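So you can see what is in the structure, the chains are spelled out below.
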Amino acid sequence: MSVLDDIIAGVREDLAPRVAALPLEQLRDDAMSAVAPRDAYAALLGDGTGTGITLIAEVKRRSPSKGALADIDDPAALAERYETGGAAVVSVLTEQRRFGGSLADLDAVRAAVDLPLLRKDFTVDEYQIWEARAHGADLILLIVAALTDDELRGFLALTHQLGMNALVETHTADEVERAVSAGAKIIGINVRNLKTLDIDRSVFAPLAAGIPTGTLIIAESGVRDVADVGRFASDGADAILVGEALVRHDNPQDTIAAFLDAGRSARLALQDQPTA
């Protein structure tokens, strides 16, 4: 069993009691009465000039690859610092077993910031999409490796029907092709190998080259410093998703500012290059 398979098995097990406690019909009512979703696509697009990148800042306590990352007693306060620092979107892990997150974290962050929120979890059931909307999420994660083509298309359709956006995560050229065919508007390239959990930043550029113009490209995993940000920005990233480098920093606002500056410098350098 792969790491992803093991995580999904736990997600399904943890989902069952929530479904039993709150039937889908009632959850749908809660979702439809929630505050209208914010436009995460527009937020990640930024000013649309291509002279910089945007940033998704993640509330993340731990991960399967690194273990414990940070004691986050007040996710709302951390999210407020992200917003102050210039993040375009805040990502909140809600998977509990491997990442130490919860829907309570999402609720706390939603009450604290006005930015679009990404519910970062392993979406394998329609129920979780309605659940995300009911708790104020504006963006959900769909991992191509975890879904069939029919599931991916169906989940995307429901997400868009609810006024939300989906970050469709890919790891290989085949997965990028599947994401594009399904109609994804925001495609993430995760440079972490799902089988070994190793990072290989060199896979980003060739995968990004296969994504059509008009689709937002998000660099996921592997962002340690300004050099990594500059590399991803130069290779086609419109935005970066950052967790570990922020939660382990005493002043995440400064880190966000430095990363955004690095992305802007890399993009401007590309524009200054002579054309053939």
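Let me sum up the structure you'll find in this document. Note that the structure is a prediction, hence the values are computed from the model and not measured. (Residues numbered from 1 in each chain as written. Predicted model: local features only at pLDDT ≥ 70, side-chain atom pairs only at ≥ 80, totals over all residues. Heavy atoms only, no water.)

**Topic: the nonpolar core**
Line of reasoning, step 1. Leu55, Tyr82, Val90, Phe204 and Ile240 are the most contacted members of the largest nonpolar core, which totals 67 residues.
Line of reasoning, step 2. Per element, the largest residue contribution to this core is five residues, and it comes from helix 12 (residues 252-272).
Line of reasoning, step 3. Among all residues touching Ile240, those that are not within four sequence positions of it are Ile53, Thr54, Leu55, Ile56, Ile218, Ala219, Val223, Val229, Phe232 and Phe259.
Line of reasoning, step 4. Grouped together as the second largest cluster of nonpolar side chains are 23 residues, Leu93, Phe99, Leu118 and Leu241 included. (Core = buried A, V, L, I, M, F, W, Y, C linked by side-chain atoms within 4.5 Å. Buried < 20%, exposed > 50% of the residue type's maximum accessible area, 1.4 Å probe, protein only. Helix = DSSP H or I, 4+ residues; strand = E, 2+ residues; numbered from the N terminus. Contact = heavy atoms within 4.5 Å.)

**Observations concerning the packing of helix 7 (residues 149-161) against helix 8 (residues 173-182)**
Line of reasoning, step 1. It is at 10 Å that the axes of helix 7 and helix 8 come closest, and there the two elements cross at 45°. Classified by the interaxial angle, the pair formed by helix 7 and helix 8 is oblique. Note on packing geometry: the crossing formed by helix 7 with helix 8 is right-handed. Contact with helix 7, carried on its side by Asp149, Leu152, Arg153 and Leu156, involves Arg178, Ala179, Ser181 and Ala182 of helix 8 and no other residues of that element.
Line of reasoning, step 2. Taken together, the residues of the contact of helix 7 with helix 8 break down into four nonpolar, one polar and three charged. (Axes fitted to C-alpha atoms, helices over the stretch in contact; angles between N-to-C directions. Parallel < 35°, antiparallel > 145°, perpendicular 65-115°, else oblique. Left-handed = near helix turned anticlockwise from the far one by under 90°. Nonpolar A, V, L, I, M, F, W, Y, C, P; charged D, E, K, R; others polar.)

**Quick notes on the pattern of salt bridges**
Line of reasoning, step 1. Throughout the structure, instances matching the rule amount to 19 salt bridges.
Line of reasoning, step 2. Taking the shortest distance from any N to any O, the salt bridge between Asp6 and Arg98 comes out at 2.2 Å. Highlighted residues: Asp6 in helix 1 (residues 3-21) and Arg98 in the loop between strand 4 (89-93) and helix 5 (103-112), separated in sequence by 92 residues.
Line of reasoning, step 3. Overall, Arg98 belongs to the partly exposed group, its relative accessible area being 25%.
Line of reasoning, step 4. Across the pair Arg119 and Glu131 runs a salt bridge whose closest N-O atoms are separated by 3.0 Å. Here Arg119, found in strand 5 (residues 117-120), pairs with Glu131, found in helix 6 (residues 126-134); they are 12 residues apart in sequence, far enough to count as distant. In this structure, Arg119 and Glu131 share a single accessibility class: buried.
Line of reasoning, step 5. Among the ionic contacts, a cluster of salt bridges with common partners joins Arg18, Arg119, Asp121 and Glu131. (Salt bridge = Lys/Arg side-chain N within 4 Å of Asp/Glu carboxyl O.)

**Regarding the packing of helix 4 (residues 75-85) against helix 5**
Line of reasoning, step 1. Contact geometry of helix 4 with helix 5 gives a least axis separation of 8 Å together with a crossing angle of 45°. By the angle class used here, helix 4 and helix 5 are oblique. The hand of the helix 4/helix 5 crossing is right-handed. The segment helix 4 lies against helix 5, with Pro75, Ala76, Ala79, Glu80 and Glu83 engaging Asp105, Ala108, Val109 and Ala112.
Line of reasoning, step 2. Broken down by class, the residue content of the contact of helix 4 with helix 5 amounts to six nonpolar, no polar and three charged.

**Concerning the side chain of Ser63**
Line of reasoning, step 1. Along the chain, Ser63 falls in strand 2 (residues 62-63).
Line of reasoning, step 2. Among the residues examined, Ser63 registers a relative accessible area of 7% and is labelled buried.
Line of reasoning, step 3. Dropping the residues within four chain positions of it, Ser63 is found in contact with Leu69, Arg98 and Phe99.

**Things to note about the pairing of strand 10 (residues 239-242)**
Line of reasoning, step 1. Burial along strand 10 is two-sided: Ala239 and Leu241 and Ile240 and Val242, pointing in opposite directions, are all buried.
Line of reasoning, step 2. Pairing between strand 1 (residues 54-59) and strand 10: four bridges, direction parallel. Along strand 10, the bridge assignment pairs Ala57 with Val242.
Line of reasoning, step 3. Strand direction decides the pairing type here: strand 9 (residues 216-220) and strand 10, joined by three bridges, are parallel. Directly across from Ile218, in strand 10, lies its bridge partner Ala239. (Pairing = 2+ DSSP bridges.)

**A few points about helix 1**
Line of reasoning, step 1. With 19 residues, helix 1 extends 28 Å from end C-alpha to end C-alpha; this agrees with the ideal 27 Å at 1.5 Å per step.
Line of reasoning, step 2. All of the buried residues in helix 1 are Leu4, Ile7, Ile8, Gly10, Val11 and Leu15.
Line of reasoning, step 3. Check the buried side of helix 1 and you find it contacts helix 6. (Expected span 1.5 Å × (residues − 1).)

**Notes on the pairing of strand 6 (residues 139-143)**
Line of reasoning, step 1. Strand 6 sits mainly inside the fold: five of its five residues count as buried.
Line of reasoning, step 2. Summarising the sheet, strand 5 and strand 6 pair through two bridges and their orientation is parallel. Considered in strand 6, the bridge of Leu118 is made with Leu139.
Line of reasoning, step 3. As for the winding sense of the linkage, the β-α-β connection from strand 5 through helix 6 to strand 6 is right-handed.
Line of reasoning, step 4. Pairing analysis gives five bridges linking strand 6 to strand 7 (residues 165-170), with the strands arranged parallel. Bridge pairing in strand 7 places Ile143 opposite Glu169. (Right-handed = clockwise from strand over helix to strand, strands pointing away.)

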